[in-house]
Structure formats: C-alpha cells, structure tokens
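Structural overview for review
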Amino acid sequence: MLDPQTARPAAVVAGGHEFGGCFLTPVLVLTAAHALDGHRITVTSGDSADPVDCDVVWRHPTADAALLRLREPGSGPVAVEWADLAPGATVRCSVAEPFTRREGLLSAPGTRRLAGAAAYEVGRALARYLLLELLDTSTSHGGGPGRRPAAVARAGAAVFTGIALAGVITAARNPKPRRIEVTPVRALFTDSDFVGVLREHGCPVPPDWQMPAAAPDADFERKYAEYVAGRYDRIALTGLDLFGEPGTWPLEATYQELLVTGGSEGEDDAGTSVEQALAGRERVLLRGGAGSGKTTLLQRLAVAAARRDPASSPAFLHDLVPFLLPVRSLVREPALPRPDQLLDATRSPLAGGAPPGWAHRVLGAGRGLMLLDGIDEAPADDRPRIRAWLADLIAAFPANRWIVTARPSAVAQAWLAMEGFTELALAPMTRQDIQAFVHRWFDMVRQEVPDSFGRVRVEDFRESLTVALATRRELTGLATNPLMCTLICATHMHRHGHLPHGMELYRAVLDMLLSRRDEERDIGRPEGVRLSPEAQAQVLQHIAYWMLRNGRTEISTAQAVTLVVRVLPAMPRLGPAGGADQVLRHLIARTGLLTVHGESVGFVHRTLQDYLAARAAVDGEDIGMLVRNAHEEQWQDVVRLAVGHAPPQLRAGLLARLVARGDAAPEHRARLHLLAAASLTHAVELDPAVRHRVERRAAALVPPRTFPDALALAAVGPLVLELLPGPETIDPYGHEAAMVVRTAELIGGEAAELFVRRFPPVTRSTARAGTSWTPGPSTVPTVPVDSWTTTAGTTDPPRHAAYRGDRTDFSALRSLPGLHTLTISGNASLTRLDEVLTGLRRLRTLVLSGCPGLRDLSAVARTGVVFLEISPYPGPAACAALAASRWLRAVYLPGLEENCAEVRELAALLPGVTLFAGAGITTPPGAGTLQNEDP
C-alpha cells in the first residue's frame, strides 16, 4: 500500500524519548511536538544510521505537531502528496516508521467533532482530529513479522492513505485498545506559519487548503483559553478562619481524581475513576457532598480543555471550549443567559471582545464543554427554571458535552433523565486517596519554595502530617474528602507542623461548614431557611446524641423530623425559619454534615457526630450516662470530647467518676483508667487533685512490665497508643521498651506500625523473640460468630471471630465491620470468598483451615489482609490470584513441607510475599518490614 520511495519515515530522538516522523523535504521533518522543548533533537532516516541534529522551526499552537529542520540535508528526493478525509469517511491506511509498517483503519469523525465552515471561511467542514484503529494483521519490514505488537505506534509517526500523507499520531491516550488519535494534516494548514515554512523549503501546498492567516474566532479562542487556564488554576479555601485570610493553592495540589459510582448496569460497583466515567458520556449529572471536590473537578476539566495539551489532557476534552457556569450567579438575573451571554454569566473580562456569533458557532459545531456547577446553590423555586433552560439549550445544541453538579439531596433522582443525563456519585476518599493527596499537596508546595532549606522543611511537614493522620483519630475521621484534606494540609503547613488539637480543630471546621463557606461564596438561602451557626449546631447535636444513646448510625427521615420538632420549642428564634421538614432539608443540603441513604439520615463525619453528641451531653449535664457507657468503644471518643466541652467543675466530676468506676469494676478497670488518662489532653483547666488521681492510675498500667501486662493493654485497643511512652522518654534498648513495642504490635494497624518504627530494630527483634508466635489461638478472645448478636447494649463487637463447620450463610459478618482476624475451619462447602469478605475493610489476618473445596482466592486480593493461613494447599492456580494484592505480606501453608516444589512454585508466583510451611512459625510474618501504609 505504501510506496517507500515516496514516503520517507524518520526516527526522532529528544530527551531520551524516541518518536516517529516523516520527511517532507530532504531537510524538513513533520513530527509530534509534546516533548521537544529544552532537549537536543536528532533525526535518523531509514536509509542512514547516522543521527543528524535539527531545530524546531514551527509548532502548532494547540495540536501535537511540529516541523524540524535538519542542520545537514538528508539523502534522496521526497515527493509529498496530501490526503484529505471527507467527514464521516473511513479508509484503509498505513503507519510508517523507519523499519516498521502497520495497517489500520482511519476515520474522520462526523459533525460531532467538526468545526463549522463559517468559523474559518472555507467551503467545507474541517476535522479537528482523526481516529486510527490498528489492525492485528500488521507486518514489519526489515525486522520480520511481529517486530512490534500491532497495538504499539510511536507519537509523531506519519499516517498515509495510499501514498498521500493524512496525519500525524499524537501523544493523546485513548482507553480503547489499538485506538490512536491522529492530527489531520488539513488542520495544520489553518496556521499561516506552517504554510510559510513549507513554501520556504519547497514543499508543495494545495492552493485550496490555505486558510486565513488570522481568523477572528481562532484569535479570540486563543485569548479565551489563556484566560481560563489562568483564572481557574488556583483554588481558594473559603470559610477557613484558622489563620486569617483564606489562601489560594494550585489546582493540582487540591485536585484528587476520585471514584464515581452509578451509571449503567454491569459497571463495577467498586467505582470507576471520574475522568474515565466522563470520557464515555456526553451528559452527566454528578452528585457529591459538601467538599467532595465537585467544583475543583469542573475547574480542572476547564483548565485541561483550555490548555489543549495532548500529552496531559484527557482525549475527550481535545478541541472543546469550556464554559464554567456557577448556578448561584446565573439565578441572580431575571433571565438565564442565551449563548451570546455565556461569557457575561461567567464574569469573564473578555465578554465584550468575542466576535459576533462566536458562542453560537462553538455550540453549533459541538465544541462546547458546558460545566454547570452547583444546582443546590440555587433556591429550590428556581431549579425548575434551570432545568427548562438546560432542556432548551440541549435541544438547540445537542452535540456538546454537559456536566452538571449538585449535592446528593438537591434534586430528585432522574431529574435530568429526560434530557439523556447519566447520574453519577462521587465516592468518599480511601486511605490511599488521602495518602496520595497529602504527598501531592506538599510536592506542589515544595516546588514553590525557592531555597533548599525551605524544601527540606516542607518534607519534614509532610512526614509529620503523615504520622499525625495515622495516629490522631480526630484527623482520620475528618480527612474524608478533598476539602477536609486541603484544610488539614494548609493548617499544618501554616502552623509549621503543629496542627490544632481536637476541640479547636472541630470548632473551626464546624464554623466553616455551618456558616462561613456559604457566606463567603454569597450563596444566600437556597432552601428558604436562614439559621445561625449556633442554631444549626443545637439541632444537629440533639440528633447526634439521640443516635448515640440508641446505638444507631442512621435514623429514618421521619424520626429525624420528629427530633427537630422536639427541639424547636426550646429555640423560639427558629420559629420563623420554617417547619421541621424545611429545617432538616436545610441541614442536609447545606451543612455537609448529614447525608441521606434512601429513607435514612446519617452523619458524614463520625468524629463531628461525636463532638456534637458530647456537647449535647455536657449541655444536659448528663454525666451519669457518659460514665455508665464509658467502657463501650462507641462512647470513648464522646467521653473524651465531653471532657473538653465541660466547664472546670463538671470536668473534674466526670474524670473523678470515671476513675471511681474503674476502681469498682475490675473487668473494665484498665479501659476506664486509661480513657481518663487519654482525656487529659482536652482538660485545659482541671483540679490538681483529680489530675494526680488520674495520672497515678494510668502509671500503674503504662508502660507494661510483663508480657501479660502487654496483652491486657492491647485488649483495650488503639486508645493505648496515645499513652505508651516513646523512645524519647524511656531507654529505647531496655526491657521496658521491648514490652511497649510488643503492646503496639499486638494492637496492630498503621498507627501502631508508625509507633513501632520509632524504636531501634534490635528492640523490635527483642520484643518479638520474647514470646514465640505461632498461628493459633489469638491473644484477644475469638468469638464464635454464631454467638454474636448486634443487640444494642451488648459487649463491644469482637476484633477476632470464627466460623466453624459447613456453613454457607456469612451474613452475620456484615455486623462486624471492624473485624481484624477471621478464622473459617472445617468447611467443605466453601469454594470462593466473595460473600465472606465483602465489607471487612479492617480485616488483616485470615485463617482458612480444613476448606478442601476452596479454589478461588481472588476476593482476598481485594481486601487489606496482610497474613493468610490456608490448608489444605489449594494449588497454584488459586494462589496466583493473590499476586494482585497490594497488602499481603505473608502466607502460611501448614500442610506443606519447607522448601518443597509447591512452595518454590508459589514463591515465583508471589514475589515479595514471605512464605512459611511446616509445623509452625517462630517469628511474626514480615518481621522487620513494617509498612507505612494501611489499607
């Protein structure tokens, strides 16, 4: 198909990267442009082994294309013909590289991605990109068949139809296999400089392809793109008053690509990346709670579309013109904007400079990226008007991309279904998302610091915040979305690595969520209710305390309305604000603290729920209730926060009664005495006698002196980590340090791992050698699942549980989300683990004994399991699925002999996983390899 005498491919090397290219003349090469800056560039032709230096003489302002001029002419003549694909056409083509040729199908998109002829004053529509699909039947020249897979093609390589040059492969990535984006050569002729360079070097130019040198639309779009890229490239922290005026931060520092759920049936329930989900849909209604990143996402999409960088922008944004429209601004005008008023609606200073009819031409060509932000920020009465306006625009300009955002409860389900919108929901941030966010945020800050000393300081701040997020429970409970993560990072940085502790941080966050954020964004009263921050907090704390006392994590909407009705008479100033229904809608829609699941209401942040419940308990002087329930895990944080809320006399009484109850109840003594000690961090002012009593009880328990002491402390749980002495206050090599380390290891989790890493390796080894460790009975009692009940008022949910016998119903595990260790034994019916492990996010140890039918372990790879024991050995095919696990560190196979063929085979399948076989294990799996990670 391709005449090698006519088309001369070239190999282009820049900055260590190799690209394709095509000679247009003996000294002129057409290639990709995205990685040429600041590098030495060389070109090698297929008939010469010597690279020749060259210079960039032209690059397209938006497309990924450039012209190189060789400093020494290449050999042989070049005859170029130009190919022009008609809209909607598909032809067979070839991709040419120095020693390789591949065949494919090249198609010009239809009118969905064509710029109107009127925009460029030419007689036909102009394709802005082509799509190339490589075929599996490709062959290679000079290297024999199969030199490279068909799916591989270098950016910059030339694409030919017959002997005519049709386009240049770009750096854009397409999610579909063998699907590649191509810049058509016809699009390059819109640039008069390109035509001038061709003529200067004697390359033929089709006379009917020449475009006006400076089309008004093209000039304005370039200015508008520069404005959008600069205007939306930074994020302001509105509503935060921890350190004066809110700062602004680079967009990339505050953007976190999250997962979305929803969409069509058959999609992964675990979620899809938001950009991947948007790429396949023309119209999306995206729901997300306060601070979930909706506005930041739209800003990033606008900036990526404006920059038009094929190397870094998603392919679905190429050649789109963004219009970011905040709903709160639109509804202030009597009429919603027409297309020619869109720039006025965005408050753009360029609004008066657009060529007449420009917005109509953009939308008519299907090139608009319509980003409508915050349906929830419009008054409820205005939302039908917005929907009708959207429907009219879509009917007139259907080929554009539309993304609309709203908080979850702002509009009904299927609100835009008639207009063809798919509904998606942003998922909460995972532990990995939070870690990635913190690292990227400080990377951005470090880049803005001019001196090396300052950059080292930023690294120290990042490390200290990573530790704080793992060890301070109030931070872990708050860092659930990009807004909260940004708040925590910015506060930590501004305060030189010293974050405010619980009470101060909670007060600042509540002030931001209940008042300042909406006020500073001038949102008004979209739900028709205006409540002071204090009034909102009063209603919320009443709901939070009722849920705590009744052992509920969610309540029905009807019950929530009933609770609001009860509190309104005690708050007469709330009377004119509206009825209980309206107050509850306001709290759900605007505060970001409540969320709705079907007909139920719950708190988004458990830590803020506990803070509000503690405040309610103190306001009601309900000290007896706090003391009676202090031994239960779900009350511990509430008790500690109540110590912070209480005035000095009430605080002293609460702590004294905690100590007295611990003295009188041996079964809860350690937990109550340690809880009182941990609460001292919130006791700014306290009777010295009470403080001395609390500290004396804690000193009898911490640090542990013997292994039984360590076992008893570990049974209390993560609370103990805050009280264990570090290597700075005790001999880091002594027996006491070894027992402290052993206690932390028995507690487990990321906070414990970070704590243990502060001690010398020899101390860690001593701690583990002090008591032999073998799989078997846990140091924490294992509760048979059959005996566990979720009735309110029972003992704390077990961290270790067991299923024994032939069972197929594992639904009881759904009530044990905090489970750390699970044992399943003697179950011949078990074949796979999907139903067993669903929802067990904190599971770290899994023991499968006497399960001969088990042949599918893929579900293990999707959990945070660190240690797996399994017998009998299920075979290499089943175990191969474990290689996909990010967290698995050790596998114990008691049914195999050490160093047998099966163990060696499994070691090859699971690199990085420690394998144990035989009668027992004398040291804990993964000893000395503690990870600074937590699933």
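Residues numbered from 1 in each chain as written. Predicted model: local features only at pLDDT ≥ 70, side-chain atom pairs only at ≥ 80, totals over all residues. Heavy atoms only, no water.

**Points about the nonpolar core**
- Leu301, Phe323 and Leu372 are the most contacted members of the largest nonpolar core, which has 181 residues in total.
- With nine residues, the single largest contributor to this core is helix H17 (residues 533-549).
- Each residue touching Phe323, except ones within four places of it in the same chain, is listed here: Tyr224, Leu342, Leu343, Trp358, Val362, Leu369, Met370 and Leu371.
- One finds Leu30, Leu68, Ala155 and Leu165 within the second-largest nonpolar core, a separate group that totals 42 residues. (Core = buried A, V, L, I, M, F, W, Y, C linked by side-chain atoms within 4.5 Å. Buried < 20%, exposed > 50% of the residue type's maximum accessible area, 1.4 Å probe, protein only. Helix = DSSP H or I, 4+ residues; strand = E, 2+ residues; numbered from the N terminus. Contact = heavy atoms within 4.5 Å.)

**Some words on the sheet that holds strand S5 (residues 52-59)**
- Overall, antiparallel pairing links the six strands, which are arranged S1-S2-S3-S6-S5-S4 in a closed barrel. Put simply, the sheet's adjacent strands are angled 40° from each other on average, direction ignored.
- Where strand S4 (residues 41-45) meets S5, three bridges bridge the pair, whose relative direction is antiparallel. The residue of S5 that forms the bridge with Val43 is Val52. (Pairing = 2+ DSSP bridges. Axes fitted to C-alpha atoms, helices over the stretch in contact; angles between N-to-C directions.)

**Some words on the sheet that holds strand S24 (residues 401-406)**
- Taken together, the seven strands give an open sheet; going across it, the order is S20-S19-S25-S21-S24-S23-S22, and neighbouring strands pair in mixed fashion. Looking along the sheet, the strands with just one partner apiece sit at the ends: strand S20 (272-273) and strand S22 (321-326).
- Pairing of strand S21 (residues 283-287) with S24 involves five bridges; the strand directions are parallel. Residue pairing across strands places Leu285 opposite Val404, the latter belonging to S24.
- Strand contacts of helix H7 (residues 294-307): S21, S22, strand S23 (368-373), S24 and strand S25 (422-426), with the helix running at about 160° to S23, the strand carrying the most contacts.

**A few points about the confidence of the model for the protein**
- Of all residues in the protein, 78% have pLDDT values of 70 or greater, and the mean over the chain is 76.
- The low-confidence segment residues 238-246 (pLDDT under 50) makes 23 contacts with residues lying over four places distant or belonging to another chain.
- Note on residues 920-935: pLDDT is under 50 here. Beyond four places in sequence and across chains, it has 47 contacts. (pLDDT = per-residue confidence, 0-100.)

**Section: the environment of Arg549**
- Structurally, the position occupied by Arg549 is in helix H17.
- Assessed through its relative accessible area of 38%, Arg549 is described here as partly exposed.
- Along the backbone, Arg549 and Trp635 are 86 residues apart, and their C-alpha atoms lie at a distance of 9.2 Å.
- Once residues lying within four places of it in the same chain are set aside, the contact partners of Arg549 are Met625 and Trp635.

**What about the packing of aromatic side chains?**
- A complete count under the given rule lists 11 aromatic pairs for this structure.
- Taken together, a centroid distance of 4.8 Å and an interplanar angle of 55° make the contact between Trp58 and Phe194 tilted. Taken together, the residues span a long stretch of sequence, with Trp58 in strand S5 and Phe194 in helix H3 (residues 192-200) at a distance of 136 residues. A single burial state applies to Trp58 and to Phe194, both of which are buried.
- Three or more aromatic residues joined by ring pairs form one cluster here, namely Trp58, Trp82, Phe189 and Phe194.
- Sitting over the face of the ring of Phe23, Arg8 holds its NZ or CZ atom 4.4 Å from the ring centroid.
- One Lys or Arg, Arg549, reaches over the ring of Tyr545 and ends 4.9 Å from the middle of that ring. (Phe/Tyr/Trp six-rings, centres within 6.5 Å; stacked < 30°, edge-to-face > 60°. Lys NZ or Arg CZ within 6 Å of the ring centre and 35° of its normal.)

**Structural notes on the pairing of S23**
- In terms of burial, S23 is largely enclosed, as six of its six residues are buried.
- Residues Gly368, Met370 and Leu372 point to one face of S23 and Leu369, Leu371 and Asp373 to the other, with burial holding for every one of them.
- Bridging between S22 and S23 involves six bridges; their strand directions are parallel. Looking at S23, one finds that Leu325 is bridged to Leu372.
- As paired strands, S23 and S24 are joined by four bridges and run parallel to one another. Along S24, the bridge assignment pairs Met370 with Trp402.

**Thoughts on the pairing of strand S19 (residues 259-262)**
- Both S19 and S20 contribute to a ladder of two bridges, which runs antiparallel. Opposite Leu259, over in S20, you have Ser273 as the bridge partner.
- Relative to S25, S19 runs antiparallel, the two being bridged by three bridges. The partner of Gly262 across the bridge, within S25, is Leu424.

**Focus on helix H26 (residues 707-716)**
- Buried residues of H26: Ala710, Leu713, Ala714 and Val716, and no others. Around the axis of H26, the buried residues are gathered within 140° of arc, so they sit on the same side.
- In the core, the buried residues of H26 are packed alongside helix H24 (669-679) and helix H27 (735-747).
- Residue Gly717 follows H26 closely and has a positive phi angle near 105°. (Arc of directions from axis to C-beta.)

**Observations regarding the packing of helix H23 (residues 648-664) against H24**
- Packing of H23 against H24 leaves a shortest axis separation of 8 Å and a crossing angle of 160°. As judged from the angle between their axes, H23 and H24 are roughly antiparallel. The handedness of the crossing between H23 and H24 comes out as left-handed. Of the residues in H24, those touching H23 at Leu655, Leu658, Val659, Arg661, Gly662 and Asp663 are Arg669, Leu672, His673, Ala676 and Ser679.
- Partitioned by chemical class, the residues of the contact of H23 with H24 number five nonpolar, three polar and three charged. (Parallel < 35°, antiparallel > 145°, perpendicular 65-115°, else oblique. Left-handed = near helix turned anticlockwise from the far one by under 90°. Nonpolar A, V, L, I, M, F, W, Y, C, P; charged D, E, K, R; others polar.)

**A short note on the pattern of salt bridges**
- A complete count under the given rule lists 18 salt bridges for this structure.
- Between Glu18 and Arg154 there is a salt bridge, and its shortest N-O distance comes to 3.1 Å. Highlighted residues: Glu18 in strand S2 (residues 17-25) and Arg154 in the loop between strand S13 (139-140) and strand S14 (158-161), separated in sequence by 136 residues.
- For Glu18, a relative accessible area of 42% translates into the label partly exposed.
- Under the relative-accessibility criterion, Arg154 is labelled buried at 17%.
- Residue Arg832 pairs with Asp834 through a salt bridge whose shortest N-O separation is 2.8 Å. (Salt bridge = Lys/Arg side-chain N within 4 Å of Asp/Glu carboxyl O.)

**A closer look at unusual backbone geometry**
- Looking along the chain, the bond that leaves Val702 and enters Pro703 is cis, with omega of 0°.
- One can find Pro703 in the loop between helix H25 (688-699) and H26.
- Between Ser871 and the following residue, Pro872, the backbone shows a cis peptide bond with an omega angle of 0°.
- With respect to the element layout, Pro872 can be found in the loop between strand S33 (867-871) and helix H32 (876-879).
- Positive phi, close to 60°, is recorded for Ala414, a residue that is not glycine.
- Checked against the element boundaries, Ala414 lands in the loop between S24 and S25.
- For Ala414, a relative accessible area of 46% puts it in the partly exposed group.
- Of note, Glu621 is a non-glycine position whose phi angle comes to about 50°, a positive value.
- Locating Glu621 in the fold gives a position in the loop between helix H20 (606-619) and helix H21 (623-628).

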